[in-house]
Amino acid sequence: MKCSNSSNPISSPDLEFESDPTLTNEDLKPTTPSQRTFSGFEIASLWVGLVIGVPSYYLAGSLVDLGMAWWQGVATVVAANMILLVPLVLTGHAGTRYGISFPVLARSSFGIHGAHIPTLLRALIGCGWYGIESWIGGEAIFLLLPKSMKETSLSQSLPWLGTSPLEFACFMVFWVAQLAFVWKGIDGIRKLEKYSAPILVALTSCLLIWSCVKAGGIGHMLSLSSRLSTSEFWSVFFPSLTANISFWATVALNIPDFTRYAKSKDQVIGQIGLPIFMGAFTFVGLAVTSSTKVIFGQVISNPIQLLGQIGGLTTRIIAILGISLAIVTTNIAANVVAPANALVNLSPKWFTFRRGALLTALLGIAFQPWRLLKSSVSFVYTWLVGYSALMGPIAGIVLADYYIIRKQI
């Protein structure tokens, strides 16, 4: 900050401060009371939009793939999210109390320039997730293509690319389409999540009802038992618990980006929805995945592949529109806001939210998400467990500085 218009700055009534453009801009300034527009319901709706998505479903199905029974998978997810709720509420407090985003909070514990390390690490993970979500959306578009197009040479995988040109083109179409929503800003995200939540809940309920009817009842649907011995279960449980904590560890770290737009009571009420919604959606994902064993004779954990097996064209179109909505609500809230804010913090003078969001999308391509989603093992162990090693220490440093050293209680 630069002080001007006074030789005695302490006693001068017309003291003025000029913002240093290398340290702040409108996106980094604390929110005003009039900007605190997120209610408890809207924070909860944000979590509905985040939770109901293909990666959450895929994670649930991956637990069945790894040998768990449905109830073991649900218990693992609920336990992980109850643990995660603690840092979510604690970190979110800084946003509601001071109206600051995660990059500004990180300056307190890491220093003005040191804060670039945790924020850019969080940004890179957001870029990776943006790519994963966009790839899944591209798979949905691929399903709608005519069979004749899928049988051409364009559908043949290229070793250097790791996928086929046709699938890559579908990925790019969805990637471009999402950019139209990025320009809406935080208020647009609030409205998107608020009005999408009931639609996503309705579509999820329809999927559960369909699987229940086709499997001949809830008993058959959950008949897939654990394939793991006691010792094998525990060797799978702890990495899976870590993976589930890691699943939302990124959002737990940058949750002030959202809670700065809410009041303290509202953010706590809204956050409580996470383990409830995640547990319920995991039940649906595991129940539907288990039912595919009864319906099709094999376990289908990938929801995009499942869409290719059910219903006619109309059903597929409705389902793909629902998946697209789920992807957009998750991607913009979880994977664009944090990287964009991190880039704004890196260079407030040059980066705007839109420029940061565009670079986020470009880096999402560089992560080659089609390779990360090749198997349950690579998704759970390589990706989720891998980045948890980065998020945990950063969260610990931020919380220790905020609550122990600075005693902000």
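Residues numbered from 1 in each chain as written. Predicted model: local features only at pLDDT ≥ 70, side-chain atom pairs only at ≥ 80, totals over all residues. Heavy atoms only, no water.

Draft legend 1. Looking closely at the overall build of the protein. Assigned secondary structure in the protein consists of 20 helices and two strands. A globule of 409 residues ought to have a C-alpha radius of gyration of about 22 Å, and the protein, at 22 Å, matches this closely. Taking the principal axes of its C-alpha atoms as reference, the protein extends roughly 80 × 45 × 35 Å. In the protein, which comprises 409 residues, the share counted as buried stands at 53%. Considering only contacts in the protein between residues 6 or more positions apart, those separated by 24 or more positions represent 82%. In the protein, which carries 26 positive and 18 negative side-chain charges, the distance between the mean positions of the two groups comes to 4 Å. (Helix = DSSP H or I, 4+ residues; strand = E, 2+ residues; numbered from the N terminus. Rg over C-alpha atoms; globule rule 2.2 N^0.38 Å. Buried < 20%, exposed > 50% of the residue type's maximum accessible area, 1.4 Å probe, protein only. Contact = heavy atoms within 4.5 Å. Lys, Arg positive; Asp, Glu negative; His and termini not counted. Charge placed at Lys NZ, Arg CZ, Asp CG, Glu CD.)

Draft legend 2. Representation of the packing of aromatic side chains within the structure. Tallying each qualifying case throughout the model produces 14 aromatic pairs. Seen from their ring centres, Phe 233 and Phe 237 are 5.7 Å apart, and the 25° between their planes marks the pair as stacked. Taken together, the residues span about one helical turn, with Phe 233 and Phe 237 both in helix H10 (residues 230-247) at a distance of four residues. Judged by relative accessible area, Phe 237 falls into the buried class, the value being 14%. (Phe/Tyr/Trp six-rings, centres within 6.5 Å; stacked < 30°, edge-to-face > 60°.)

Draft legend 3. Local environment of the nonpolar core. Ranked by size, the top nonpolar core spans 95 residues in total, and within it Trp 47, Trp 248 and Leu 274 carry the most contacts. With residues up to four places along the chain from it excluded, the contact list for Trp 47 reads Leu 88, Trp 248, Val 251, Ile 255, Gly 270, Gln 271, Leu 274 and Phe 277. (Core = buried A, V, L, I, M, F, W, Y, C linked by side-chain atoms within 4.5 Å.)

Draft legend 4. Representation of helix H17 (residues 337-346) within the structure. The element H17 is largely enclosed, with a buried count of nine among its 10 residues. Among all positions of H17, only Val 337, Ala 338, Pro 339, Ala 340, Asn 341, Ala 342, Leu 343, Val 344 and Asn 345 are buried.

Distances and angles like these do not, on their own, reveal function.
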